[in-house]
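# Results of the structural survey
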Amino acid sequence: MSDINRVALLVGATGLIGSQLLAKLLHSPFYSKVIALTRTPLTVRNTKLKEVIFDFDRPDASQVMADDIFCCLGTTIKKAGSREAFRKVDYEYPLKIAKLAKLNGAQKYLIVTAMGADPKSGIFYNRVKGEVEQELKGLDYESLHILRPSLLLGDRKESRAGEKIGEILATVFKPIMLGPLKKYRAIDSEKVANAMMILARNPENGIFVHDSGALQQFS
């Protein structure tokens, strides 16, 4: 499929990074069509946008068809209500979409996980993120980009007290976060969205892991 006719599929379009990425995908001449799989209706209207109210527990495989897949799904244990519910959103759904899309001919998969992702981590959050990365690496996509941002900065739809405190501390300590410590700096969510757009244009095939320090360059 030629570049001018490429189709993008986005999951997580209502989140902090996903909402910014959706706007960029719709504005980009690189994609002729953008499919957004969502559980709740979007407020965005655009002739390039195909909005699909999607049941992630009983997915319709025919709706998961595109060239490039962008996964911005993510929640917290507190918001999800339990570890099991968190794992469903951050592990089961991204993997399910990846498998269906691959069967339908998708070539690229880009996902936002988290700094510290490690399938052997003693921290549940990091372990789940690491496990989904590990599974995705085994799906044999032509191109897999894993983005591991640090604490995300940006205007969230819901207030998270812990993250708000983290943002304040990140601002205070930013001047001393140099050299090897740079990857621990908080990062603007728009930089992550920009990174996904730019990395999707990368013609190289393979598995690529981008830590938060590397993502800082995508202004």
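Above this text sits the structure in question.
The structure contained in this document is the topic of the report that follows. (Residues numbered from 1 in each chain as written. Predicted model: local features only at pLDDT ≥ 70, side-chain atom pairs only at ≥ 80, totals over all residues. Heavy atoms only, no water.)

## Focus on the overall build of the protein chain
The condition is simple: Note on conventions: DSSP H or I runs of at least 4 residues are helices, E runs of at least 2 residues are strands, and numbering of each starts at the N terminus. Relative accessibility thresholds used throughout: buried, under 20% of the residue-type maximum; exposed, over 50%; partly exposed, between the two (1.4 Å probe, protein chains only). In what follows, residue pairs with any heavy atoms lying within 4.5 Å of each other are defined as contacts. All accessible-area figures derive from a Shrake-Rupley calculation using a 1.4 Å probe, and residue coverage is judged against the displayed protein chains alone.
Helix and strand counts for the protein chain come out as seven helices and nine strands. Taken over 219 residues, the protein chain has a buried fraction of 46%. For the protein chain, the share of sequence-separated contacts (at least 6 apart) that also reach a separation of at least 24 residues comes to 69%. When the accessible area of the protein chain is evaluated, it comes to approximately 11100 Å², of which 54% is carbon and sulfur surface.

## So, the packing of helix α3 (residues 83–103) against helix α4 (residues 124–137)
Convention followed: What counts as an axis is a line fitted to C-alpha atoms, over the stretch in contact for a helix, and the angles between N-to-C directions run from 0 to 180 degrees. In what follows, roughly perpendicular refers to angles from 65 to 115 degrees, roughly parallel to angles under 35, roughly antiparallel to angles over 145, and oblique to any angle outside these ranges. In a left-handed crossing the near helix is turned counterclockwise from the far helix by less than a right angle, and in a right-handed crossing that turn is clockwise.
Between α3 and α4, whose axes approach to 10 Å, the crossing angle comes to 15 degrees. Taken as axis vectors, α3 and α4 run roughly parallel relative to one another. The interaxial crossing formed by α3 with α4 has right-handed handedness. Contacts between α3 and α4 involve Arg 83, Phe 86, Arg 87, Asp 90, Tyr 91, Pro 94, Leu 95 and Ala 98 on the former and, on the latter, Phe 124, Tyr 125, Arg 127, Val 128, Lys 129, Glu 131, Val 132, Glu 135 and Leu 136.

## Concerning the environment of Lys 102
Here Lys 102 lies in helix α3. A relative accessible area of 29% means that Lys 102 is categorised as partly exposed. The sequence separation of Lys 102 and Glu 142 amounts to 40 residues, and the corresponding C-alpha distance is 9.7 Å. Beyond its immediate chain neighbours, meaning those up to four positions away, Lys 102 contacts Leu 139, Asp 140 and Tyr 141.

## Concerning the pairing of strand β4 (residues 68–71)
Just so we agree on the cut-off: Two strands are counted as paired when DSSP detects at least two bridges linking them.
Both faces of β4 are covered, namely the face carrying Asp 68 and Phe 70 and the face carrying Ile 69 and Cys 71. Where β4 and strand β5 (residues 108–112) come together, four bridges link them in parallel fashion. Following the sheet pairing, Asp 68 is matched in β5 by Lys 108.

## Describing the packing of helix α1 (residues 16–27) against helix α6 (residues 189–200)
Taken N-terminus to C-terminus, the directions of α1 and α6 make an angle of 45 degrees; their axes are 9 Å apart at the nearest point. It follows from the interaxial angle that α1 and α6 lie oblique. The element α1 and its partner α6 pack so that their crossing is right-handed. Contact residues: α1 offers Leu 16, Ile 17, Gln 20, Leu 21, Lys 24 and Leu 25, while α6 offers Ser 189, Glu 190, Val 192, Ala 193, Asn 194, Met 196 and Met 197.

## Structural notes on the packing of aromatic side chains
Going by this rule: To pair, rings of Phe, Tyr and Trp, with the six-membered ring standing in for Trp, must have centres within 6.5 Å; the planes then decide the type, stacked if under 30 degrees apart, edge-to-face if over 60, and tilted in the middle. Consider the ring centre and the ring normal. A charge sits over the ring if Lys NZ or Arg CZ is within 6 Å of that centre and within 35 degrees of that normal.
The final tally for this structure, using the stated rule, is seven aromatic pairs. Between Phe 86 and Phe 124, the ring centres sit 5.8 Å apart and the planes meet at 55 degrees, which makes this aromatic pair tilted. Placement of the pair is Phe 86 in helix α3 and Phe 124 in helix α4, with a sequence separation of 38 residues. An identical accessibility class is assigned to Phe 86 and Phe 124; each is buried. Each member of the aromatic cluster is reached from another via a ring pair, and the members are Phe 30, Tyr 31 and Phe 70. For Arg 83, the ring lying beneath its charged end belongs to Phe 124, and the centroid distance is 4.5 Å.

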